[in-house]
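So the chains spell out like this:
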Amino acid sequence: MSNERDLKVVAEFDSEIDASIVQGMLSANGITAGILGDNTASNLLRGSDKGLWKLVVNPEDYEEALQLINTPTEKQADE
């Protein structure tokens, strides 16, 4: 991946697990993604037991990643 300053945040999650699931989906589609976050600082600031996890991608993958994240799954399309 690029230098952390060059990365673009494509999504934010309250759960590291949710971020990991989407990271896996992007990886399965050929997009390298990383997760940035720390629930310790977020706990103090937000008074929550969950943190803020950011899913980041290289700038050149941003549009495709965003499109994949926003594409409904078959189950969502049926609802």
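Structure's up top.
About the criteria used
Residues numbered from 1 in each chain as written. Predicted model: local features only at pLDDT ≥ 70, side-chain atom pairs only at ≥ 80, totals over all residues. Heavy atoms only, no water. Pairing = 2+ DSSP bridges. Helix = DSSP H or I, 4+ residues; strand = E, 2+ residues; numbered from the N terminus. Axes fitted to C-alpha atoms, helices over the stretch in contact; angles between N-to-C directions. Phe/Tyr/Trp six-rings, centres within 6.5 Å; stacked < 30°, edge-to-face > 60°. Lys NZ or Arg CZ within 6 Å of the ring centre and 35° of its normal. Buried < 20%, exposed > 50% of the residue type's maximum accessible area, 1.4 Å probe, protein only. Left-handed = near helix turned anticlockwise from the far one by under 90°. Contact = heavy atoms within 4.5 Å. Nonpolar A, V, L, I, M, F, W, Y, C, P; charged D, E, K, R; others polar.

> Outline the sheet that holds strand β1 (residues 8-13), listing residues and values.
The three strands lie next to each other as β1-β3-β2, forming an open sheet whose pairing is antiparallel. In this open sheet, the two edge strands, each paired with only one partner strand, are β1 and β2 (33-37). Here the strands of the sheet are splayed against their neighbours by 30° on average, with no regard to which way each runs. Here β1 pairs with strand β3 (residues 53-57) via five bridges, running antiparallel. Counted as the bridge partner of Val9 is Val56 from β3.

> Report on the packing of aromatic side chains, specifying residues and quantitative values.
Tallying each qualifying case throughout the model produces zero aromatic pairs. If you follow Lys8 out to its NZ or CZ, it ends over the ring of Tyr62, 4.2 Å from the centre.

> Outline the environment of Leu7, listing residues and values.
Along the polypeptide, Leu7 turns up in the segment before β1. On the basis of relative accessibility, which here comes to 16%, the residue Leu7 falls in the buried class. Remark: the alpha-carbon pair of Leu7 and Glu60, spanning 53 residues in sequence, is separated by 9.5 Å.

> Before we move on, could you go through the packing of helix α1 (residues 16-28) against helix α3 (residues 62-70) and cite the residues and values that matter?
Their axes nearest at 10 Å, the elements α1 and α3 cross at an angle of 120°. In the crossing of α1 with α3, the sense of the turn from one axis to the other is right-handed. Contact residues: α1 offers Val22, Met25 and Leu26, while α3 offers Ala65, Leu68 and Ile69. Split by residue class, the contact of α1 with α3 holds six nonpolar, no polar and no charged.

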